[in-house]
Amino acid sequence: MSTLGKCIDLLLTRRSVRKFKKEPIDMNTILRILDIARWAPSAKNLQPWEFIIIMDRNTLRDLGSLAFATRPLINAGAAVAVVVDPSLAPITYLVDGACTTMYILLAAHALGLGAVWINALRYQDEIRKILNIPSDKVPISVVALGWPAETPSPKPRKKLKDLVHIEKYGKKLKY
Ligand SMILES: Cc1cc2nc3c(=O)[nH]c(=O)nc-3n(C[C@H](O)[C@H](O)[C@H](O)COP(=O)(O)O)c2cc1C
């Protein structure tokens, strides 16, 4: 497959993986992922993000026990919390943080790891407490990482023709 084909394949085959093998992930693999994540785009290149690597089983269990949605963290090999600084990028910190989170998901997939984005915004006070995050910083996501123990089928997507407008909102694609 061409490099271009491989890149597109990577984008189209990523799935949210929520079941992981017990095998640990080594620190170098996580650092490699984060070394890629720092290349995500950000408004004015402000890079208003920091990363917390979580490998401690008790911490993963505490985060995973917050809600049904956070449960994949309980059996994850490791996790990365993406923390953003609203004072550095007041308008764009959320989208900047989303960009780097997406890079983490794609880099993990490229390395054969499974990953799922856990919505930290919904449990930010609890997550701040568990991870000792200062009150002026926002945990935007926690990415659960691990060697995949499931191969999820693709989740349905809306049809392209229902999403696209031509030139102005409301003029739909005809095909
Ligand atoms: C902003 C955001 C928040 C998400 N929060 C959670 C979550 O808290 N728990 C979870 O299991 N999955 C979470 N997901 C994963 C979505 O459920 C998943 O991306 C979606 O169902 C599509 O499936 P796919 O990633 O396999 O294509 C989140 C994804 C995004 C982008």
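The structure reproduced in this document is the subject of the present report. Here the residue numbers are simple positions, counted from 1 along each chain's written sequence. Given that the model is predicted, a residue must reach a pLDDT of at least 70 before its local features are reported, and side-chain atom pairs must reach 80 or more before they are shown or counted; all residues, however, enter totals for whole chains, interfaces and linings.

Here we come to the sheet that holds strand β3 (residues 114–119). We call two strands paired when DSSP finds no fewer than two bridges between them. Put simply, DSSP H or I for four residues or longer makes a helix, DSSP E for two residues or longer makes a strand, and each gets a number counted from the N terminus. With respect to topology, four strands assemble into an open sheet ordered β1-β2-β4-β3, the strand pairing being antiparallel. Both edges of this open sheet fall to β1 (49–54) and β3, since each of them pairs with a single strand only. Here the strands of the sheet are splayed against their neighbours by 20° on average, with no regard to which way each runs. Contact definition: two residues whose C-beta atoms, as placed from backbone geometry, lie within 7 Å. Where helices are involved, their axes are fitted lines through C-alpha atoms of the stretch in contact, as for all axes, and angles between N-to-C directions lie from 0 to 180°. Each of β1, β2 (78–84), β3 and β4 (138–146) is contacted by helix α4 (residues 93–110), which is oriented at about 5° to β4, the strand it contacts most. Packed onto the sheet, helix α5 (residues 124–131) meets β1, β2 and β4 and runs at close to 70° relative to β4.

Right, let's talk about the environment of alanine 108 for a bit. Mapped onto the fold, alanine 108 is located in helix α4. Residue class for alanine 108 comes out buried when judged on the 28 C-beta atoms lying within 10 Å of it. Sequence separation of alanine 108 and leucine 145 is 37 residues, and the distance between their C-alpha atoms is 7.6 Å. Filtering out sequence-adjacent residues up to four positions away, alanine 108 remains in contact with Ile33, Leu113, Ala115 and Leu145. To assign burial, the other C-beta atoms lying within 10 Å of each residue's own C-beta are counted, with C-beta atoms placed from the backbone; 20 or more indicates buried, 12 or fewer indicates exposed, and intermediate counts indicate partly exposed.

Negative phi is the rule for most residues except glycine; trans is the rule for most peptide bonds. In this model, asparagine 132 sits at a positive phi of 65°, which is unusual for a non-glycine residue. Topologically, asparagine 132 is positioned in the loop between α5 and β4. In this model, glutamate 167 sits at a positive phi of 65°, which is unusual for a non-glycine residue. By the element assignment, glutamate 167 lies in the segment after β4. Owing to 6 C-beta atoms within 10 Å, glutamate 167 belongs among the exposed residues under this scheme.

Take the site of the ligand next. Whether a residue is near a molecule or strand depends on its C-beta atom, placed from the backbone, lying within 6 Å of it. With respect to spatial proximity, the complete set of residues near the ligand consists of Arg15, Ser16, Arg18, Ala69, Pro72, Val116, Trp117, Ile118, Asn119, Pro152 and Lys155. Each residue is assigned to one class: nonpolar for Ala, Val, Leu, Ile, Met, Phe, Trp, Tyr, Cys and Pro, charged for Asp, Glu, Lys and Arg, and polar for all the others, Gly among them. Looking at side-chain class alone, the shell around the ligand contains six nonpolar, two polar and three charged residues.

So, about the nonpolar core. For our purposes the nonpolar core covers buried Ala, Val, Leu, Ile, Met, Phe, Trp, Tyr and Cys residues that link as a set through C-beta atoms within 7 Å. Formed by 38 residues in total, the largest nonpolar core has its most connected members in Ala79, Ala115, Val142, Val143, Ala144 and Leu145. Elements with a minimum of two residues in this core: α2 (27–37), β1, α3 (57–64), β2, α4, β3 and β4. Not counting the four nearest positions on each side in its chain, alanine 144 is found in contact with Pro72, Leu73, Ala76, Ala79, Ala115, Val116 and Ile118.

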